[in-house]
Amino acid sequence: MKKLILAIICALTIISCAEKKKETAEKIKGSLAQSLGKINELSVVMDNELWKGAIGDTVRKYFGAEVPGLPQEEPLFSMRQLPIEAFTGLAQRRRTFLIVEQGKKSSFTTTKNKFATPQLGFVIRGLDATDIARLIQENAATIISKYKQVETREKQYRIKKSVEYIPQLKEKMGITLKIPSAYRVAKEEDKFFWLRKDITNGDMNLMIYELPSGTIVKDSNAVANIVKIRDSVGSLKIPTTSGKFITEKDYAPYQYETILDNKFAFETKGTWEIKDRYMAGPFVNYVIDDRINNRQLVVEGFVLAPSVRKRNHMFELEAIIKTIKFE
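Residues numbered from 1 in each chain as written. Predicted model: local features only at pLDDT ≥ 70, side-chain atom pairs only at ≥ 80, totals over all residues. Heavy atoms only, no water.

What to know about the pairing of strand β11 (residues 202-212)
For step 1, the next point in the chain: Of all 11 residues in β11, nine are buried; the element is thus mostly enclosed.
For step 2, the next point in the chain: Here strand β10 (residues 192-199) runs beside β11; their pairing, made up of eight bridges, is antiparallel. Note that in β11 the partner of Asp198 across the bridge is Asp203.
For step 3, the next point in the chain: Both β11 and strand β16 (residues 295-304) contribute to a ladder of 10 bridges, which runs antiparallel. (Buried < 20%, exposed > 50% of the residue type's maximum accessible area, 1.4 Å probe, protein only. Helix = DSSP H or I, 4+ residues; strand = E, 2+ residues; numbered from the N terminus. Pairing = 2+ DSSP bridges.)

Below is the structure:
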């Protein structure tokens with residue numbers, strides 16, 4: 001009898017331990033669930049009636065705003081709306097989400113990695129439509145910036161899965177970049193590199209070269225000087241069957257200031273064209289102050305893809321450039 005009781009106790013202990021291990025494994029598995037979603041795809045969780053009305057219009061105004069520097073209109077995010085009750089299961093594993101609803105008090109909260117990782121969500125609750133619209137307007141810039149950071153890191157994570165190491169960049173330019181293996185060196189000179197990736201009906205490009213320190217300074221002529229230099233370099237270094245590779249003259253580029261690898265940089269976005277030909281596309285140009293090496297380094301991405309949406313192509317180029325490290 002004692003042996004039987006001992007055997008039962010041992011069996012129960014084993015079962016209990018197994019259950020605990022199972023619960024722990026499920027908890028760990030749940031906490032590490034990989035988030036889902038395409039790059040720049042945003043889940044908007046709100047009632048259908050709100051989405052169809054003024055609140056939906058406000059969300060679309062900010063999060064569906066036009067991406068600057070593209071030749072055709074494309075939104076910042078591709079939005080997928082679903083009602084609150086549908087935000088369950090796989091829907092909760094979307095990498096970025098925005099919850100908007102009416103409540104008894106106003107609130108704006110952030111949630112990170114709640115249902116999956118990496119994941120970033122924002123919850124906006126307002127007393128009425130006017131209150132909700134105010135909260136969206138006040139916080140849209142911050143939300144968009146945070147979403148873009150998450151999306152950039154996700155894109156860089158995907159790039160790391162198949163990186164092409166180009167030792168010449170370190171040897172000749174003193175930098176490293178995490179570049180997908182689909183890119184190839186199209187032209188290599190002492191202080192100039194042109195990298196290309198073939199895509200359907202076109203190509204994606206990176207151009208890297210040096211300028212003397214102080215060539216571009218913070219003043220009212222900064223954009224004009226950047227355009228002048230990129231037109232000169234592009235016309236000389238990028239071969240075309242006819243015409244010259246220059247900045248489109250009809251639209252002024254957008255300019256911002258940013259930091260890359262702890263160094264100040266001018267960020268310029270606009271449209272390039274082949275002079276006297278019906279061929280154009282977007283570009284993003286970074287002029288980085290590398291004071292240690294007494295120079296400014298220019299890294300530019302541009303896309304040729306007629307009749308194709310280019311937002312995600314340009315986002316990839318920006319994500320690559322933002323991996324830059326000065327050695």
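More follows now that the structure is in view.
Focus: the side chain of Thr323
For step 1, the next point in the chain: Mapped onto the secondary structure, Thr323 falls in the loop between α7 (311-321) and β17 (325-326).
For step 2, the next point in the chain: The exposure class assigned to Thr323 is buried, which follows from its relative accessible area of 10%.
For step 3, the next point in the chain: A distance of 2.6 Å separates a polar side-chain atom of Thr323 from the backbone oxygen of Ile320.
For step 4, the next point in the chain: Discounting chain neighbours no more than four positions away, the residues touching Thr323 are Gln156, Thr176, Leu177 and Lys178. (Polar contact = N/O pair within 3.5 Å; in protein donor to acceptor, adjacent residues only side chain to side chain. Contact = heavy atoms within 4.5 Å.)

Side note on the packing of helix α3 (residues 54-63) against helix α4 (residues 129-160)
For step 1, the next point in the chain: Remark: α3 packs on α4, axes separated minimally by 10 Å, with the N-to-C direction vectors making an angle of 25°. Relative to α4, the element α3 is oriented roughly parallel. Crossing of α3 against α4: the hand is right-handed. Of α4, the residues touching α3 (which contributes Ile55, Thr58, Val59, Tyr62 and Phe63) are Ala129, Ile132, Ala133, Ile136, Gln137, Ala140, Ile143, Ile144 and Tyr147. (Axes fitted to C-alpha atoms, helices over the stretch in contact; angles between N-to-C directions. Parallel < 35°, antiparallel > 145°, perpendicular 65-115°, else oblique. Left-handed = near helix turned anticlockwise from the far one by under 90°.)

Focus: the packing of α4 against α7
For step 1, the next point in the chain: Two numbers describe how α4 lies on α7: the axes approach to 9 Å, and their chain directions differ by 80°. Between α4 and α7, the crossing angle belongs to the class labelled roughly perpendicular. Note on element contacts: α7 touches α4 through Phe315, Glu316, Ala319 and Ile320, opposite Lys148, Glu151, Thr152, Lys155, Gln156 and Ile159.
For step 2, the next point in the chain: Considering only residue class, the contact of α4 with α7 consists of four nonpolar, two polar and four charged. (Nonpolar A, V, L, I, M, F, W, Y, C, P; charged D, E, K, R; others polar.)

Concerning the sheet that holds strand β4 (residues 107-112)
For step 1, the next point in the chain: Taken together, the five strands give an open sheet; going across it, the order is β2-β1-β3-β5-β4, and neighbouring strands pair in mixed fashion. Among the strands making up the open sheet, the edge pair consists of β2 (78-82) and β4. Pairs of neighbouring strands in the sheet enclose a mean axial angle of 20°, with direction left out of account.
For step 2, the next point in the chain: Here seven bridges tie strand β3 (residues 96-102) to strand β5 (residues 120-126), and the two strands are oriented parallel to one another.

With respect to the pattern of salt bridges
For step 1, the next point in the chain: By the definition in use, this model includes 23 salt bridges.
For step 2, the next point in the chain: Between Glu189 and Lys237 there is a salt bridge; the shortest N-O distance is 2.5 Å. Linking Glu189 in strand β9 (residues 184-189) with Lys237 in helix α6 (residues 222-237), this pair joins segments that are 48 residues apart in sequence.
For step 3, the next point in the chain: Accessibility expressed as a relative area gives 19% for Lys237, which makes it buried.
For step 4, the next point in the chain: When the shortest N-O distance is used, the salt bridge between Lys249 and Asp231 registers 3.1 Å. In this pair, Lys249 sits in the loop between β12 (245-247) and β13 (254-260) while Asp231 sits in helix α6, placing the two residues 18 residues apart along the sequence.
For step 5, the next point in the chain: We classify Asp231 as buried; its relative accessible area is 10%. (Salt bridge = Lys/Arg side-chain N within 4 Å of Asp/Glu carboxyl O.)

Remarks on the confidence of the model for the protein chain
For step 1, the next point in the chain: Looking at the protein chain, pLDDT values average 91 and 90% of them are 70 or higher.
For step 2, the next point in the chain: Confidence drops under pLDDT 50 across residues 1-30; counting only partners more than four residues distant or on other chains, this segment forms one contact. (pLDDT = per-residue confidence, 0-100.)

Considering the environment of Glu316
For step 1, the next point in the chain: Tracing the backbone shows Glu316 in helix α7.
For step 2, the next point in the chain: Beyond its immediate sequence surroundings of up to four residues, Glu316 is in contact with Lys155, Ile159, Pro180, Tyr183, Lys197 and Met204.
For step 3, the next point in the chain: There is a polar contact of 3.4 Å between the side chain of Glu316 and the side chain of Lys155.

A word on the packing of aromatic side chains
For step 1, the next point in the chain: Scanning the entire structure with this criterion turns up 12 aromatic pairs.
For step 2, the next point in the chain: Summarising the aromatic geometry, the rings of Phe245 and Phe302 are spaced 4.7 Å apart at their centres and angled 45° between planes, so their arrangement reads as tilted. Residue Phe245 is located in strand β12, and its partner Phe302 is located in strand β16; the two are separated by 57 residues in the primary sequence. In this pair, the class of Phe245 matches that of Phe302, namely buried.
For step 3, the next point in the chain: Linked through ring pairs, Phe63, Phe77, Phe108, Phe122 and Tyr147 together constitute an aromatic cluster.
For step 4, the next point in the chain: The aromatic ring of Trp51 is capped on one face by Arg60, whose charged end is 4.5 Å from the ring centroid.
For step 5, the next point in the chain: The positively charged end of Lys237 is found above the aromatic ring belonging to Phe192, 5.4 Å away from the centroid. (Phe/Tyr/Trp six-rings, centres within 6.5 Å; stacked < 30°, edge-to-face > 60°. Lys NZ or Arg CZ within 6 Å of the ring centre and 35° of its normal.)

Side note on α4
For step 1, the next point in the chain: With 32 residues, α4 extends 43 Å from end C-alpha to end C-alpha; this agrees with the ideal 46 Å at 1.5 Å per step.
For step 2, the next point in the chain: A bend of about 55° at Asn139 is the largest found in α4.
For step 3, the next point in the chain: Where α4 starts, the residue carrying a side-chain oxygen 3.2 Å from the main-chain nitrogen of Thr130 turns out to be Asp128. (Expected span 1.5 Å × (residues − 1). Bend = angle between axes of the 7 residues up to and from the residue.)

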